[in-house]
Amino acid sequence: MDITIKGLEHSYSKGTPFERKALSNINLSIPSGTFQTIIGHTGSGKSTLIQHLNGLLKPTQGSIQIGDFKIQAGVKEKRLKALRKHVGIVFQYPEHQLFEETIEKDILFGPLNFGVPEEEAKKRAARLIQQVGLDESYLSRSPFDLSGGQMRRVAIAGVLAMKPSILILDEPTAGLDPRGRREIMDLFYRLHEEEGLTTILVTHSMEDAARFSDDILIMEKGGIALQGGPETIFSNPEALKKLSLDVPETVQFIHRLEERFTKNLPHSVFTLEAAVDAALSILQKGEENS
Amino acid sequence: MEELITVQGVSFRYHEDQPHVLRDVSLSVYKGEWLAIVGHNGSGKSTLAKLLNGLQLPEQGDVLVEGYNSRDEESIWEIRRRVGIVFQNPDNQFVGTSVRDDVAFGLENSGMARELMLERISESVLKVRMEDYLDQEPHRLSGGQKQRVAIAGIIALRPSIVILDEATSMLDPAGRKEVLQTMRKLKEEEGMTVISITHDLEEAAQADRLVVMNAGEVIDEGLPVEVFKKGDMLEQIGLDLPFPLQVQRALSEKGYDFSRLTLSQEELVNELWTLQLKV
Ligand SMILES: Nc1ncnc2c1ncn2[C@@H]1O[C@H](COP(=O)(O)OP(=O)(O)OP(=O)(O)O)[C@@H](O)[C@H]1O
Ligand SMILES: Nc1ncnc2c1ncn2[C@@H]1O[C@H](COP(=O)(O)OP(=O)(O)OP(=O)(O)O)[C@@H](O)[C@H]1O
Ligand SMILES: [Mg+2]
Ligand SMILES: [Mg+2]
């Protein structure tokens with residue numbers, strides 16, 4: 001399903017003394033199957049934007065078209081439940097989406113609600129709990145007696161269990177340990193490729209943004225500051241710093257190498273392997289010359 | 001060095017019918033240090049934090065904060081006054097209906113004069129750059145703004161020990177650097193002691209000392225550069241090395257010998273320079 005956002009504005013508590021405009025005039029189109037990443041400083045409007053995509057927040061101006069669903073300011077969309085079957089959101093704070101008395105019930109909630117037979121739903125739960133790095137013994141535990149990272153994993157399993165075609169991830173790796181971070185990003189990317197998902201990732205990890213995205217959107221003060229592929233976006237460190245962002249560690253490393261060795265190196269270096277290769281190319285040149 | 005916190009042989013579990021989540025943990029925290037605690041999800045870091053300020057009590061062993069034992073009922077308030085925790089989920093920490101009230105709450109409890117209180121509020125809110133949000137309800141802030149306010153609430157109290165439980169995990173790169181810088185300044189200027197629970201290895205690398213937890217136990221402790229020598233062990237328990245060390249390790253495997261381990265990119269590039277001169 002293609003996503004088209006036109007002239008989107010959102011003001012919280014509209015018409016009250018507490019009114020606060022969080023988004024203004026957002027125009028954006030996300031073709032089906034895209035890995036779209038959204039970055040931007042604290043409070044720039046990322047979470048507000050993505051919560052419009054399943055109707056949790058309503059536009060105060062403008063419209064959002066998702067496949068043949070249309071969400072429009074001032075118009076009631078009657079098929080929100082059908083839309084939510086397609087659009088799964090992992091929230092920034094996982095506590096906000098855990099509520100059942102056991103972890104299994106929590107993971108089953110979405111699928112059962114959308115008519116998946118219980119047996120099939122249970123199979124999904126048993127598979128997913130392992131895919132997010134916990135063992136099956138967790139299923140009977142309470143989701144509230146968990147560590148922060150464990151809660152995050154359960155919340156992710158619950159959203160994946162619905163098999164959404166649009167997967168929205170609001171800082172899904174915050175609070176995960178280094179291995180969990182790697183494994184869970186790999187899991188998202190595998191699902192993205194294998195199931196042809198549209199993935200929308202909000203992140204403060206420039207490394208993840210660089211590695212996985214087809215397109216990166218930078219938000220600033222409720223609007224769009226920059227948009228482009230990883231190579232374009234991360235080719236301008238100065239612009240990023242002005243927006244409270246940065247280039248990935250690998251790119252920082254390349255810049256430092258260039259400066260120290262006064263050499264030109266390829267800039268789109270987004271993996272450890274590529275960074276190591278760049279260092280090797282410099283060391284080996286040294287060997288040739290000697 | 002003055003020992004502020006002593007944890008002696010502490011074991012803990014949340015329910016009697018569940019396994020222990022801390023097992024025979026012993027640990028010292030020294031005045032004025034920046035101590036980072038790393039460990040996989042569920043290894044017991046947040047639980048340990050709660051024991052350090054008396055929110056939970058040990059089943060076995062003792063927690064002493066400046067001599068006060070958390071088992072003594074009269075000591076609890078002395079301990080809480082000294083140890084401030086910025087919780088992993090800031091929503092669990094907010095009590096006020098505005099940012100101002102929320103920061104004021106802890107100060108009111110300490111019986112502070114109103115003048116001083118107002119000064120403290122604006123000062124700490126300014127430190128985390130949330131001065132434009134004083135009237136906003138804390139629950140109606142963005143994820144990163146909540147973390148900033150939670151930090152302000154604790155630094156306003158000027159506890160001698162601050163525990164940051166992944167307190168900057170939702171901040172943008174510049175915001176994270178800035179907040180950590182602010183904390184470092186408080187440490188340098190006011191002698192505050194910082195315990196930082198983190199999954200950010202770059203941050204851990206900058207600590208004075210590092211504690212590694214695994215499955216409820218402290219399995220290693222020392223200078224970051226010493227602990228990070230054990231790359232294989234760290235990987236086995238779900239952790240990793242900071243980026244400069246990952247690069248160094250990959251190059252060592254290709255036969256390049258480094259004279260020392262580098263925790264920052266700057267040091268790494270200098271080492272590469274030396275290496276290149278040698279070949
Ligand atoms: N429920 C709410 N009521 C009123 N204002 C809100 C609410 N939620 C967010 N805001 C405000 O809207 C703006 C955008 O917030 P949003 O949560 O979208 O930011 P964000 O880009 O996700 O930030 P972060 O990286 O910190 O999560 C912020 O200034 C915030 O204070
Ligand atoms: N309220 C609770 N009741 C029962 N068990 C709990 C509770 N809170 C945490 N646990 C369990 O205790 C263990 C340690 O949890 P803790 O929160 O201390 O881990 P952590 O190291 O902080 O992990 P994370 O990196 O995910 O935050 C975990 O196995 C967790 O499931
Ligand atoms: Mg957000
Ligand atoms: Mg924790």
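Quick caveat: nothing in here was measured; it's all calculated off a predicted structure.

A. Main features of the sheet that holds strand 10 (residues 217-222) of chain B. All names here are of chain B. An order of 6-7-8-3-9-10 is seen for the six strands of this open sheet, with the pairing classed as mixed. One side of each edge strand has no neighbouring strand; the edge strands of this open sheet are strand 6 (83-86) and strand 10. Averaged over all pairs of adjacent strands, the angle between strand axes in this sheet comes to 20°, irrespective of strand direction. As defined by bridge partners, strand 3 (residues 34-39) adjoins strand 8 (residues 193-197) across four bridges and the pair is classed as parallel. Along strand 8, the bridge assignment pairs isoleucine 37 with isoleucine 197. The strands that helix 5 (residues 143-155) touches are strand 6 and strand 7 (161-165); relative to strand 6, the one it contacts most, it runs at about 175°.

B. A look at the domain arrangement of chain A. Residue and element names in this part refer to chain A. Assigned domains of chain A: these are domain 1 (3-247) and domain 2 (248-290). For domain 1 versus domain 2, the distance between C-alpha centres works out to 35 Å. On the domain 2 side, the residues contacting the ten residues of domain 1 number eight residues. Each partner contributes to the roughly 780 Å² buried at the junction of domain 1 and domain 2, and carbon and sulfur atoms together form 65% of this total. On the domain 1 side of the interface with domain 2, the three residues burying the most area are Glu207, Arg211 and Val247, jointly 51% of the side's total. Linking domain 1 with domain 2 are two residue pairs in polar contact (both at pLDDT 80 or more). Considering each element in turn, the side of domain 1 that touches domain 2 owes the most residues, four residues, to helix 7 (residues 206-212).

C. Spotlight on the coordination of the magnesium ion (ligand 4). The coordination sphere of the magnesium ion (ligand 4), as far as protein atoms go, consists of Ser46 of chain B (OG) and Gln88 of chain B (OE1), spread over 2.0 to 2.3 Å. Of this pair, serine 46 of chain B sits in helix 1 (residues 45-52) while glutamine 88 of chain B sits in the loop between strand 6 and helix 3 (99-109), and the two are 42 residues apart along the sequence.

D. Region of the structure containing helix 6 (residues 178-194) of chain A. Residue and element names in this part refer to chain A. Taking 1.5 Å per residue as the helical rise, helix 6 with its 17 residues ought to reach 24 Å, and the 24 Å between its terminal C-alpha atoms agrees with that figure. Along helix 6, the residues that are buried comprise Pro178, Gly180, Ile184, Met185, Leu187, Phe188, Leu191 and His192. Where helix 6 ends, the next residue or the one after it, glycine 196, has phi of about 60°, a positive value.

E. Structural detail: the interface of chain B and chain A. Each partner contributes to the interface: chain B provides 54 residues, whereas chain A provides 48 residues. Here chain B and chain A share an interface that buries about 4,300 Å² over both sides, 57% of which is from carbon and sulfur atoms. Among the residues chain B hides against chain A, the three largest losses belong to Asn41, Met170 and Phe243 of chain B. Together they make up 16% of the total. Taken together, the connections running from chain B to chain A amount to two salt bridges. Between aspartate 240 of chain B and arginine 182 of chain A there is a salt bridge whose closest N-O contact spans 2.7 Å. Here chain B and chain A share 21 residue pairs in polar contact (both at pLDDT 80 or more) between them. When residues of the side of chain B that touches chain A are traced back to their parent elements, those giving at least two are helix 5, helix 6 (173-190), helix 7 (201-205), helix 9 (231-236), helix 10 (243-253) and helix 11 (265-278) of chain B. No other element matches the nine residues that helix 11 of chain B contributes to the side of chain B that touches chain A.

F. Structural detail: the nonpolar core. Formed by 49 residues in total, the largest nonpolar core has its most connected members in Ile121, Val125, Ile151, Met183 and Phe228 of chain B. Those elements that place two or more of their residues in this core are strand 3, helix 3, helix 4 (114-127), helix 5, strand 7, helix 6, helix 7 and strand 9 (209-214) of chain B. Beyond its immediate stretch of four places on either side in the chain, methionine 183 of chain B contacts Trp34, Ile151, Ile155, Val162, Leu164 and Met192 of chain B. Core analysis: the second largest hydrophobic core is formed by 35 residues, Phe35, Leu98, Ala157 and Phe212 of chain A among them.

G. A look at the coordination of the magnesium ion (ligand 3). All names here are of chain A. Listed as protein donors to the magnesium ion (ligand 3) are Ser47 (OG) and Gln92 (OE1); their distances from the metal cover 2.0 to 2.3 Å. One end of the pair, serine 47, is in helix 1 (residues 46-50); the other, glutamine 92, is in the loop between strand 6 (87-90) and helix 3 (103-113), and 45 residues separate them in sequence. Assessed through its relative accessible area of 9%, glutamine 92 is described here as buried.

H. Representation of the domain arrangement of chain B within the structure. All names here are of chain B. Domain parsing of chain B yields domain 1 (3-241) and domain 2 (242-279). The C-alpha centroid of domain 2 is placed 33 Å from the C-alpha centroid of domain 1. On the domain 2 side, the residues contacting the eleven residues of domain 1 number seven residues. Summed over both partners, the interface of domain 1 with domain 2 comes to about 780 Å²; 66% of that surface belongs to carbon and sulfur atoms.

I. Spatial organisation of the pattern of salt bridges. Residue and element names in this part refer to chain B. Within this structure, the stated rule accounts for 33 salt bridges over all chains. Between arginine 140 and glutamate 137 there is a salt bridge whose closest N-O contact spans 3.5 Å. Between arginine 260 and glutamate 271 there is a salt bridge, and its shortest N-O distance comes to 3.3 Å. Here glutamate 271 lies in helix 11 and arginine 260 lies in the loop between helix 10 and helix 11, a separation of eleven residues in the sequence.

About the cut-offs
Residues numbered from 1 in each chain as written. Chains lettered and ligands numbered in written order. Predicted model: local features only at pLDDT ≥ 70, side-chain atom pairs only at ≥ 80, totals over all residues. Heavy atoms only, no water. Pairing = 2+ DSSP bridges. Helix = DSSP H or I, 4+ residues; strand = E, 2+ residues; numbered from the N terminus. Axes fitted to C-alpha atoms, helices over the stretch in contact; angles between N-to-C directions. Contact = heavy atoms within 4.5 Å. Domains from an automatic or database assignment. Buried area = accessible area lost by both parts, 1.4 Å probe. Polar contact = N/O pair within 3.5 Å; in protein donor to acceptor, adjacent residues only side chain to side chain. Donors = N, O, S within 2.8 Å, 3.2 Å for Na, K, Ca; no water. Expected span 1.5 Å × (residues − 1). Buried < 20%, exposed > 50% of the residue type's maximum accessible area, 1.4 Å probe, protein only. Salt bridge = Lys/Arg side-chain N within 4 Å of Asp/Glu carboxyl O. Core = buried A, V, L, I, M, F, W, Y, C linked by side-chain atoms within 4.5 Å.

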